[in-house]
Amino acid sequence: MRPAVGLLALLSHWRRHPFQLAMLLVGLSLATALWSGVQAINAEARASYDRAANVLGLDGLPRLTMVDGSAVPLARYGDLRRAGWPVSPVIEGPLPGSDLRLIGIDLLTLPTEARLMDPAALDLQGFVAVGGEVLVPAGAAARLRLPDQPRLRETADLPPGIALADIAQAERILAAPGLSYLLLSRDAALPADLPADLVLARPAAGEDIARLTDSFHLNLTAFGLLSFAVGLFIVYSTIGLAFEQRRGVFRTLRALGLSAAALTGLLLAELLLLSPAAGVIGVGLGYLVAAVLLPDVAATLRGLYGAEVPGTLGFRPAWWLGGLAISVAGTLMAAAQSLWRLWHLPLLATAQPRAWAHQAASGVRWQAGVGAGLLALACGLGLWGVGLWAGFGLLAALLLGAALILPLILHALTFCAGRLARGVLAQWFWADTRQQLPGLSLALMALMLALSANVGVGTMVGSFRLTFTGWLDQRLASELYVTARSAEEAAELTAWLAPRTTVILPIWSAETMIEGQPAEVYGMTDHATYRDNWPILLGAAEMWDRLAAGQAVLLNEQLYRRGGLALGDLVDLPGGALPVAGVYSDYGNPRPQVIVATDLLVARFPDIPRLRFALRVDPAQSAALAQEMRAVFDLPEAAVLDNTRVKAMSLQVFERTFAVTGALNVLTLSVAGVAIFASLMTLSGMRVVQLAPVWALGLTKGRLAALDFARTLVLAVLTLVIALPLGLVLAWALLAVVNVAAFGWRLPMAVFPADWLALAGFTLLAASLAALGPWRRLARMAPANLLRVFSHAR
Amino acid sequence: MLLLASGLTKTYRTGDELVRVLDGVDLTLKAGESLALTGESGSGKSTLLHLVAGLDSPDAGRLVVAGTDMVQATDVQRAALRRDAVGLVFQQFNLIPSLDIAANMAFQARLAGRLDLGWLEELVQALGLQGLIHRYPEQLSGGQQQRVAIGRALAGRPRLVLADEPTGNLDEATGDAVMALLLQLVAQAGAGLLMVTHSPRLAARLDRRVHLAAGRLHTVEPLA
Ligand SMILES: Nc1ncnc2c1ncn2[C@@H]1O[C@H](COP(=O)(O)OP(=O)(O)OP(=O)(O)O)[C@@H](O)[C@H]1O
Ligand SMILES: [Mg+2]
C-alpha cells in the first residue's frame, strides 16, 4: 500500500470533523500566540538594551569623577591627558525642552569599547564641526523644541531617550560648568596613583539594565509559558480524540499491510502538516498581542528601571521561525502519548472510546504523590530559598504541585458530596461527575492555573496599589512643588514665597557612587512635614535629630536590602562615611538613594543645582498661589505642580505598569475557557453511553442537559474554591520573595474579596459559554442517537 | 387494555432515501399477558419496542400505553411514562456505568418513588446477585449485567415490561436461565411483557407470538 493513499485516508477524518480540526488549530494557535507574543516583547526589549550597550558602552566603563561630585574642570582634564592618562571627557545632562538625555563625547579620545554605532555612519565633519549636529533617535526630531535650534539628525542606531553630540556642542547646549566625568577604557593601566581629588568608579558587573530588567522579562516569560501550557491542554485533548475515533481506520490500514512504524510515521507527517499552519496563525496573533502590549511594557520598563524601549515592534525573522518551531514542538509534545499508544496498538483491539480518557485510580494517586512532593519543595523554597531563582522555583513548584493534586481533591470532594446526597438523582449526579473527572481534569488543571495566577497577581497588584497610594500621600505631603530655571530665579522665588507659605523645603540632590553603584543623594531639611509623614520602615525616633545634625543618613529600602546593610552600618559618601539611622520605602525607583541633611548635602556637594522646592501652604490656598506664582514669574505650567497632580501622574504610571500583567491574565483565563470547551466537546461523544440508560429510565433530555450544564459549573466553582487559597499563597510568594529579589522592596499583603466575586462571575461565565454547546447538542439530540447505544454492537 | 396500537407507521431517512420501517402495525396487550415479537434482522422490532416505550414517537397511527396517548404526549409525559409504568431491558449497555449494582437496581424505582426494599432483596436473591451488589457494571460479565438489568426493570413493579433480545448476547445455557427468571419474575409481579426475540424456542414459552414482516404484524399460531 502506498503511504500517500494512507495519508489521504487519515486526513479525510478532518474533513468529516471540521469542528475538531478547528479546535486543534485554535488551541495550537492560541498557545503559540501568547508564547510568541511574550517572546516578541522580550526580544524587542533585549534588542534595545543591546543597542544601548553597543552605541554607548559608556555605562559599562570605569570613570573618574571629582570626589565632591562637582564637575571636572576642563583644565584638570588637560593636565591628566598631558600626564599620559588615557581619559576621555563626557558631558551629560537633560536636553532642555525634551525628554532626551544629551551625551557629549570626544570622538578622538573615546575608548574603543565605547565606540559608537558604526563610525562610518557618522558624518564626522558635520558632527565635530563647530555648532555641529546633534544626533537624536528616529522620530524624535519632530518632538523637539530646542532654544537656538542646533542641526538635528535622526538615526535608527541610537537607543530611545538618548541624544548625542560632540562635546563642545554639548557644553554649549547644556551650559555645563565642566565635564561630567572622564571615561577610561576597561583595562587601561593607570600611569600613576589616583590623585586625591578624583575617585575611580568601576561599574559593578551585572548591574546593567539588562540584568536589572531580567526579572521583569522572566515574569513575562513565565506568563507566556503558562498560557502555552494551557493552550497545549486543548491540543492534547483534540489529538487524543481524533486518534481514538480513527482506531477503526488505523486497524484497517494495518490489516492492509501498513506497518506500525509506517502508520506512526504517517500520523507524524499529518501533525507536521497541520502544526506549521497553526503556527503561522499563532505567530501572527502573537505579533498583534505584542504590538498591543508593547507600549505599556515600554512604560513599565521606563518607570521601574529607567530602561528605554521603543513602543513599536520591529520585524524579526528569528522570532517568526521560533514561533513556528514552538508550535511544532508543542504539537509533538501533546501528541506524544497518542503516538506512543498507536505504536503499541494491538492489531485486533476493539475501539474503547473511554479508554484513553480513563486514568486508573492508581495513576491519580501517583500523580498526587508527585504533586505533594512538589508542594513540599515549594514550602522548602519559601522557608529557606534565597534570590530570584528560588522565588521562581517556588512559584513553579507551587503551581505544578497544586495542579497535579487537583484531580485527587476533586475526586474526594465529589465522593463526599455523593455520600451526603439524599436523592437518587443527586447521588447519580455526583457519581457521574466523578466519572467525568479523568477526562476533564487536564482542562480543570488549566483553569485552576489560570485562576490562581489571576488571584495571585491581582492580590499582588492590589496590595501594591494600596501601599503605593498610601506611600504617595506620605511622600507628597507638601502641597506644592516648584522648580526654578536658574539660581537667580530660585532666589527671587524663595524671597517672594517666604511670606506666603508656612515653610519652604529645598529638594536638592546630587549623584554619586555608593557601594559601587550610581546613586542619588537627597538633602532633607528638618521639618514636621518629614518627621510626621516620611514613609519610614525602620529606625528609632531620634534618627530625625541625628539626621538633622548631620550625624547619620537614611537609606531607601532598595539600597538597604541589596547592600545587605543594617542600622548603624557606615555608608561611604564623598567627604566621609556616615552611619545608617533609618530606612524608608521608595517604590518605583530603580536606583539606590540616600538622604542626608540639606546642610550636609550642600557642604559635600557644593556645585549642585539648587532649583527645586516643596512648599507647605494652606491647602485651600494652594491652587491660587500656584496660579499667582506662574503669573508673577512667568513660569511654565510644569514648573509648579500641586501634589494631587503629581499623585495622579504617579498612579497613571503605576496602572500602565500592571496593564500588561492584567491583559495576559485575561488572555490566559480565556484560553482556559476554550480548553474546558474542547474537553467537553471531546467528552460529549462518549457521554451518550453514560446518559442513554438514565434517559431511558425516565428522564427527559432537557433535564439531562441541564444537569450536564450544572455539572460543568459545579466543577468550575470547585476549581475556583481550590484556586483561591493557592492564589493567595502565590501572592505571598510574589510579594515576599520575588518582589524583594527583583525590585528590592517588600510589600504588605492585602486581600480583595470583591475581586474574587468578580473572578467567580467571570469563571461562571466562561464555564457557561464552554458548556453551552454540549448542552444544546444534548438537549436537541435525536432519540435515534441515544437508542443506538442499546441496539448496535459498538 | 395495557397496550393498544393501531395503524402505527414510522419512517427513517437515510441520506435521500426514506425507509418505511413500520407500515400500519396493529397490536394489543392485556395486563399480565406475555407476547413474543419475532422478525428478521432489520424488520423493525426494536423500532416498535422503542415507540411503545416512549423512547421515540410514531409518524402516524394510534398508540396508547398504560392510559397515556403516546402520539399526543410531550417529552415530559413520555419520560414520566417510562419512569412510572415501563420496565426496560435492552440487548446491551443497560446499566449506568457510574453507579454500582445496588444503585443501578434501585435507580428507576427510587426515581418513581416506589422503592420496596423487601422486593428488591427478593429480586437480588432470585437473580443470584448477592455477592455483586457493590461492584460496578464494567466489573460484571454480560450475563450478570443482563440479570441486573432484569432486576432493575422489575424493581419498581412496572405494569409493562419491554425486553429487546435480552439474552441475545449470551450463550444458550445462560440465556435460557436468564429467560426463565424473567418470565417467572414478570408473572410474579403481574406485569405485561413484550419481548423481542430471534429464537422460536424462546418465543414458544410466551403466551402469544407475533411476527413482524414488511412493516406489518402477523399472528403466529402455536404449533401445538
Ligand atoms: N436511526 C435510524 N436511521 C435510519 N435508519 C434506521 C435507524 N434506526 C433503524 N433504522 C433502520 O430501520 C430498520 C429497522 O431497524 P430495527 O433496529 O428496528 O430492526 P430490528 O428488527 O430490531 O433488527 P435487529 O433484529 O437486527 O435488531 C433497519 O433497516 C434499520 O437500518
Ligand atoms: Mg433490534
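What counts, and where the lines are drawn
- Sequence positions are assigned chain by chain, starting from 1 and proceeding in written order.
- Chains carry letters from A onward and ligands carry numbers from 1 onward, assigned in written order.
- Totals for whole chains, interfaces and linings use every residue, but because this is a predicted model, local features are given only for residues with pLDDT of at least 70 and side-chain atom pairs only at 80 or more, for both listing and counting.
- Each side-chain value is worked out from all heavy atoms of the structure, with water and hydrogens disregarded.
- Think of it this way: any DSSP run of H or I at least four residues long counts as a helix, any run of E at least two long counts as a strand, and we number them from the N terminus.
- Partly exposed describes any residue whose relative accessible area lies between the buried limit of under 20% and the exposed limit of over 50%, with all areas from a 1.4 Å probe on protein chains only and scaled to the type maximum.
- The contact rule is simple, with two residues in contact once any of their heavy atoms fall within 4.5 Å.
- The protein chains shown are the only cover counted for residues, whose accessible areas, like all others here, come from Shrake-Rupley with a 1.4 Å probe.
- Just to be clear, the radius of gyration here is over C-alpha atoms, and the globule rule we use is 2.2 Å times residues to the power 0.38.
- For the charge count, each Lys or Arg is scored as positive and each Asp or Glu as negative, with His and the chain ends excluded.
- Where a charge sits is defined by one atom per residue type, namely NZ (Lys), CZ (Arg), CG (Asp) or CD (Glu).
- Throughout, the term near means that a residue has one or more heavy atoms lying within 4 Å of the molecule or strand in question.
- Counting of polar contacts relies on pairs of N or O atoms within 3.5 Å, with two restrictions inside protein: one atom must be capable of donating a hydrogen and the other of accepting it, and residues adjacent in sequence are counted only when both atoms are side-chain atoms.
- Note: pLDDT gives the predictor's confidence per residue, expressed from 0 to 100.
- The term buried area refers to how much accessible surface (probe radius 1.4 Å) is lost by two components on association, counted for both of them together.
- Whenever a carboxyl oxygen of Asp or Glu lies within 4 Å of a side-chain nitrogen of Lys or Arg, that contact is scored as a salt bridge.
- For this scheme, ten residues count as nonpolar: Ala, Val, Leu, Ile, Met, Phe, Trp, Tyr, Cys and Pro. Four count as charged, namely Asp, Glu, Lys and Arg, and the remainder, Gly too, count as polar.
- Expected span of a helix, by definition, is 1.5 Å for each gap between consecutive residues, and there is one gap fewer than residues.
- Two axes enter the bend calculation: one fitted to the seven residues ending at the residue in question, the other to the seven starting there, and the bend is the angle between them.
- DSSP-based pairing: two strands are paired if at least 2 bridges between them are found.
- To obtain each axis, a line is fitted to C-alpha atoms, and for helices this fit is confined to the stretch in contact; angles are then taken between N-to-C directions over 0 to 180 degrees.
- Orientation is classified from the angle alone, with under 35 degrees giving roughly parallel, over 145 giving roughly antiparallel, 65 to 115 giving roughly perpendicular, and any other angle giving oblique.
- A pair of aromatic rings is counted whenever rings of Phe, Tyr or Trp (Trp by its six-membered ring) have centres within 6.5 Å, and the orientation is called stacked for planes under 30 degrees apart, edge-to-face for over 60 and tilted otherwise.

Visitor: I tried to follow the overall build of chain A on my own but got confused; where do I start?
Guide: Per the secondary structure count, chain A includes 22 helices and 19 strands. Counting every position in chain A, which comprises 794 residues, the buried fraction comes to 53%. Of the contacts made within chain A by residues no fewer than 6 positions apart, 80% connect residues no fewer than 24 positions apart. Of the roughly 33,300 Å² of accessible surface on chain A, a fraction of 64% belongs to carbon and sulfur atoms.

Visitor: Looking at this structure, how should I read the overall build of chain B?
Guide: The secondary structure content of chain B amounts to 7 helices and 10 strands. Against the globule reference of 17 Å for 224 residues, chain B gives a C-alpha radius of gyration of 17 Å, in line with a compact fold. Along the three orthogonal principal directions, the C-alpha set of chain B runs to about 50 × 40 × 35 Å. Across the 224 residues that make up chain B, the buried fraction comes to 55%. Of all intrachain contacts in chain B linking residues separated by at least 6 positions in sequence, the fraction that spans at least 24 positions is 70%. Carbon and sulfur atoms make up 50% of the accessible area of chain B, which totals about 9,400 Å². Distance between charge centres in chain B, computed from 21 positive and 23 negative side chains, equals 4 Å.

Visitor: Can you help me understand the site of ligand 1 in this one?
Guide: Taken together, 14 residues form the shell around ligand 1, and within it Ser41, Gly42, Lys45, Ser46 and Thr47 of chain B come nearest. Each of chains A and B places residues next to ligand 1. Residue Gly44 of chain B places a main-chain N or O atom 2.9 Å away from an oxygen atom belonging to ligand 1. At 3.3 Å from an oxygen atom of ligand 1 is found a side-chain nitrogen or oxygen belonging to His198 of chain B. Contact with the protein chains hides 70% of the accessible area of ligand 1, taken as 630 Å² for the molecule alone. Broken down by secondary-structure element, the contributors of at least two residues to the shell around ligand 1 are strand S1 (3–14) and helix H1 (45–53) of chain B. The element contributing the most residues to the shell around ligand 1 is H1 of chain B, with 3 residues.

Visitor: Could you clarify how one ought to interpret the confidence of the model for chain B in this entry?
Guide: The predicted coordinates ought not to be read in detail in places where the model reports low pLDDT. Residues and elements named next belong to chain B. Confidence along chain B averages 87 in pLDDT terms, with 99% of residues attaining 70 or more. The least confident element of chain B, judged by mean pLDDT, is helix H6 (residues 172–189) at 80; the most confident is helix H3 (residues 101–111) at 93. The complex prediction reports pTM at 0.73, with the ipTM value standing at 0.92.

Visitor: Please explain the interface of chain B and chain A as it appears in this structure.
Guide: One frequently used descriptor of interface size is the decrease in accessible area upon assembly of the parts. Each partner contributes residues to the interface: chain B has 26 residues there, and chain A has 30 residues. Between chain B and chain A, roughly 2,500 Å² of surface is buried when both sides are summed, and carbon and sulfur atoms account for 63% of that area. Contact with chain A buries surface across chain B, with Phe93, Phe107 and Arg110 of chain B losing the most and accounting together for 21% of the total. If you look at where chain B meets chain A, you find 0 salt bridges. At the boundary of chain B and chain A, one finds 5 residue pairs in polar contact (both at pLDDT 80 or more). When residues of the side of chain B that touches chain A are traced back to their parent elements, those giving at least two are helix H2 (75–85) and H3 of chain B. Each residue belonging to the side of chain B that touches chain A can be placed in one class, and the counts come to 13 nonpolar, 6 polar and 7 charged.

Visitor: What is the right way to look at the environment of Phe677 of chain A in this model?
Guide: Structurally, the position occupied by Phe677 of chain A is in helix H19 (residues 643–696). Spatially, the C-alpha atoms of Phe677 of chain A and Val503 of chain A are 65 Å apart, while their sequence positions differ by 174 residues.

Visitor: Would you take a moment to explain helix H9 (residues 317–343) of chain A for this structure?
Guide: Because an α-helix completes one turn every 3.6 residues, residues spaced three or four positions apart along the sequence face the same direction. Residue and element names in this part refer to chain A. Taking 1.5 Å of rise per residue, the 27 residues of H9 would be expected to cover 39 Å, and the 36 Å separating its terminal C-alpha atoms lies within 8% of that figure. Bending of H9 peaks at approximately 50° at the position of Ala335. Among all positions in H9, only Trp319, Gly323, Ile326, Ser327, Val328, Gly330, Thr331, Ala334, Ala335, Ser338, Leu339 and Leu342 are buried.

Visitor: Just to check I follow, could you spell out the sheet that holds S1 of chain B for this structure?
Guide: Each strand in a sheet pairs with another by means of backbone hydrogen bonds, the pair being arranged parallel or else antiparallel. Residue and element names in this part refer to chain B. Overall, antiparallel pairing links the 4 strands, which are arranged S2-S1-S4-S5 in an open sheet. Each end of this open sheet is capped by a strand with a single partner; those strands are strand S2 (17–29) and strand S5 (68–69). Relative to S5, strand S4 (residues 60–65) runs antiparallel, the two sharing 2 bridges. Paired with Val64 across the bridge in S5 is Asp69.

Visitor: Hey, could you run me through the side chain of Thr331 of chain A in this one?
Guide: Residues and elements named next belong to chain A. Positionally, Thr331 belongs in helix H9. A polar atom in the side chain of Thr331 sits 2.7 Å from the backbone oxygen of Ser327. In contact with Thr331, other than residues within four places in its own chain, are Leu28, Ile239, Leu271 and Ser275.

Visitor: Hey, could you run me through unusual backbone geometry in this one?
Guide: For residues that are not glycine, phi is negative in most cases, and the peptide bond is trans in most cases. Residues and elements named next belong to chain B. Of note, the phi angle at Arg157 is positive, near 45°, even though the residue is not glycine. Tracing the chain through its elements places Arg157 in the loop between helix H5 (142–155) and strand S7 (160–164). Despite not being glycine, Ala214 shows a phi value in the positive range, around 55°. Relative to the elements of secondary structure, Ala214 occurs in the loop between strand S9 (208–213) and strand S10 (216–219).

Visitor: When you look at the sheet that holds strand S9 (residues 480–483) of chain A in this model, what are you seeing that I'm missing?
Guide: Residue and element names in this part refer to chain A. Overall, antiparallel pairing links the 4 strands, which are arranged S10-S18-S9-S19 in an open sheet. The two strands at the open ends of the sheet, each matched to only one other strand, are strand S10 (503–506) and strand S19 (640–642). Ignoring strand direction, the axes of neighbouring strands in this sheet form an average angle of 25°. In terms of strand pairing, S10 meets strand S18 (residues 612–616) through 4 bridges, oriented antiparallel. Paired with Val503 across the strands is Arg616, a residue of S18. Here helix H18 (residues 622–633) sits on the sheet in contact with S9, S18 and S19, set at roughly 10° to S9.

Visitor: Explain the pairing of S2 of chain B here, please?
Guide: Residues and elements named next belong to chain B. Inspection of the sheet shows S1 paired to S2 by 10 bridges, in the antiparallel sense. The residue bridging Thr14 from the neighbouring strand is Glu17, located in S2. Turn length for the S1-S2 hairpin, with the two strands adjacent in sequence and antiparallel, is 2 residues, and the turn residue Gly15 shows positive phi of about 65°.

Visitor: Whenever I open this one, the packing of helix H12 (residues 424–475) of chain A against H3 of chain B confuses me. Can you help?
Guide: When two helices pack together, their arrangement is given by the angle between the helix axes and by the axis-to-axis distance. Interaxial distance between H12 of chain A and H3 of chain B falls to 9 Å at its minimum, and their mutual angle equals 140°. Comparing their axes, H3 of chain B and H12 of chain A come out oblique. Along its contact with H12 of chain A, which presents Val424, Leu425, Gln427 and Trp428 of chain A, the element H3 of chain B presents Phe107, Arg110 and Leu111 of chain B. A class-by-class count of the residues in the contact of H12 of chain A with H3 of chain B yields 5 nonpolar, 1 polar and 1 charged.

Visitor: Whenever I open this one, the packing of H5 of chain B against H6 of chain B confuses me. Can you help?
Guide: Residues and elements named next belong to chain B. Taken N-terminus to C-terminus, the directions of H5 and H6 make an angle of 10°; their axes are 11 Å apart at the nearest point. Compared by their axis directions, H5 and H6 come out roughly parallel. Two secondary-structure elements touch here, H5 through Gly143, Arg147, Ile150 and Leu154 and H6 through Thr174, Val178, Leu181, Leu182, Leu185 and Val186. For the contact of H5 with H6, a count of residues per class yields 7 nonpolar, 2 polar and 1 charged.

Visitor: Where do I start with the pattern of salt bridges in this structure?
Guide: Oppositely charged side chains are able to pair whenever their charged atoms sit close together. Evaluated as defined, the whole model comprises 20 salt bridges over all chains. Among the salt bridges present, the one from Asp432 of chain A reaches Arg711 of chain A, with a minimum N-O distance of 3.0 Å. Note that Asp432 of chain A is positioned in helix H12 and Arg711 of chain A in helix H20 (residues 701–743), a separation of 279 residues in sequence. Each member of the pair, Asp432 of chain A as well as Arg711 of chain A, is classed as buried. For the salt bridge of Arg208 of chain B with Glu33 of chain B, the shortest nitrogen-to-oxygen distance reads 2.7 Å. Of the two residues, Arg208 of chain B sits in strand S9 while Glu33 of chain B sits in the loop between S2 and strand S3 (34–39), which places them 175 residues apart along the sequence. Of the residues examined, Arg208 of chain B reaches a relative accessible area of 28% and is grouped as partly exposed. Through salt bridges with shared partners, a single ionic network connects Asp432, Arg687, Asp708 and Arg711 of chain A.

Visitor: Is there a simple way to explain the packing of aromatic side chains in this structure?
Guide: Residue and element names in this part refer to chain A. As enumerated under the stated definition, the model contains 6 aromatic pairs over all chains in all. Ring centres of Tyr530 and Trp534 lie 5.7 Å apart, and the angle between their planes is 80°; this geometry places the pair in the edge-to-face category. On the accessibility criterion, Trp534 (11% relative accessible area) is buried. An aromatic cluster is built from Tyr530, Trp534 and Tyr584, whose rings are joined through pairwise contacts.

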